[in-house]
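Chain and residue survey
This is what each chain is made of:
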Amino acid sequence: MPAPIRRSILRDDIAYILPMAIFLVFTQVGITWPRYYAASYMAKTFLTPIALIIGWQAYTKIRWTHLWLGFLVGVLGLVQWVGMDKALVPLFHWIHLHGGFLDWLYIYGPIGIKGVPTDSFNPYTHFQNPGQMWTFIIFRWACATAVVPFMEELFWRDFLWREILAPNDFKLADIGEKDWTAIFIVCAAFASVHIQWITAFFWGLMIALLLLRTKSIGACIVAHATTNFLLGAYVLHTHDWYFW
């Protein structure tokens, strides 16, 4: 007799949405009440993987192919993310100085609201105890490298992309099925939850092209993890906390 099919305790779409919802709620808590930033980050670092594990049986089986290409795209992603964001800063200052109808871009530009970074949590100054500081840094880096890539790639490019193509049953659409409307909507939605939204849009477009080429969510996860790991190393080396 064939083994019975194991089913998730969550509905398929909820299994994809729940980890992202948990992550975004606790992110908003940390932004709204900065004193709870570290606690909220630790909470989502623990709760998001639990939600992923609970819903794992609902996810489409991940294809772990083209991992080398995912790694190369991830390295390129670091260069694109940091380089593009830094290149945009003087442009947005110029827009602000010269005014005009594009001035609204300065307010929501790559350097944060009104030119002040809004997501610059510095663990070196926040924590008095070095043990607490390094515990937070390790968990922050581990979450960005091991949790966020699974959560985001499953949500954005496994679920939402296909949900746009087949809203009645997203699993009727193929992973990486070519549709530019879905690609741009996913990139825009992805950008909307990042303060460096312009940079995030183009990074998301690069990952979308990787998925179109490989049809491999695994390659996208590797690319995402590589960029995030290298970005963490960059931040710890430069103390440019805005990128974390």
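Since the structure is predicted, the reported quantities are computational estimates derived from the model, not experimental observations.

Each value, and the rule that gives it
Residues numbered from 1 in each chain as written. Predicted model: local features only at pLDDT ≥ 70, side-chain atom pairs only at ≥ 80, totals over all residues. Heavy atoms only, no water. Core = buried A, V, L, I, M, F, W, Y, C linked by side-chain atoms within 4.5 Å. Buried < 20%, exposed > 50% of the residue type's maximum accessible area, 1.4 Å probe, protein only. Helix = DSSP H or I, 4+ residues; strand = E, 2+ residues; numbered from the N terminus. Contact = heavy atoms within 4.5 Å. Axes fitted to C-alpha atoms, helices over the stretch in contact; angles between N-to-C directions. Parallel < 35°, antiparallel > 145°, perpendicular 65-115°, else oblique. Left-handed = near helix turned anticlockwise from the far one by under 90°. Nonpolar A, V, L, I, M, F, W, Y, C, P; charged D, E, K, R; others polar. Phe/Tyr/Trp six-rings, centres within 6.5 Å; stacked < 30°, edge-to-face > 60°. Lys NZ or Arg CZ within 6 Å of the ring centre and 35° of its normal.

Here's the deal with the nonpolar core
Core analysis: the largest hydrophobic core is formed by 61 residues, its most contacted members being Val73, Phe136, Trp156, Trp161, Ile183, Leu210 and Phe243. Listed by contribution, the elements that provide at least two residues to this core are helix 1 (12–32), helix 2 (37–54), helix 3 (67–98), helix 6 (130–165), helix 7 (180–192), helix 8 (197–214) and helix 9 (217–238). In terms of residue count, the dominant contributor to this core is helix 6 (13 residues). Residues contacting Trp161, with those up to four places away along its chain left out, are Trp156, Gly176, Glu177, Ala182, Ile183, Val186, Ala208, Leu211 and Leu212.

Quick word on the packing of helix 8 against helix 9
Taken N-terminus to C-terminus, the directions of helix 8 and helix 9 make an angle of 150°; their axes are 9 Å apart at the nearest point. It follows from the interaxial angle that helix 8 and helix 9 lie roughly antiparallel. Crossing of helix 8 over helix 9 shows right-handed handedness. On the side of helix 8, the interface is formed by Trp203, Ile207, Leu210, Leu211 and Thr214, while helix 9 contributes Ile217, Ala219, Cys220, Ala223, His224 and Thr227. The residue makeup of the contact of helix 8 with helix 9, split by class, is eight nonpolar, three polar and no charged.

Quick notes on the packing of aromatic side chains
In total, this model carries 30 aromatic pairs according to the counting rule given. Ring centres 6.3 Å apart and planes at 80° place the aromatic pair Trp81 and Trp203 in the edge-to-face group. Of this pair, Trp81 sits in helix 3 while Trp203 is found in helix 8, placing the two residues 122 residues apart along the sequence. Each member of the pair Trp81 and Trp203 is classed as buried. By way of ring pairs, the aromatic residues Tyr16, Trp56, Tyr59, Trp64, Trp81, Phe150, Phe155, Trp156, Phe159, Phe170, Phe190 and Trp203 are connected into one cluster. It is Lys44 that lies over the ring of Phe23; its NZ or CZ is 4.2 Å from the centre. The ring centre of Phe190 lies 5.3 Å from the NZ or CZ of Arg157, which sits over that ring.

Focus: unusual backbone geometry
Leaving glycine aside, a negative phi is the common case for residues, and trans is the common case for peptide bonds. For His66, which is not glycine, the phi torsion reads 55° and is therefore positive. Structurally, His66 is set in the loop between helix 2 and helix 3. The exposure class of His66 is partly exposed, given its relative accessible area of 27%. Backbone geometry places His239, a non-glycine residue, at a positive phi of 60°. Turning to its location among the elements, His239 is positioned in the segment after helix 9.

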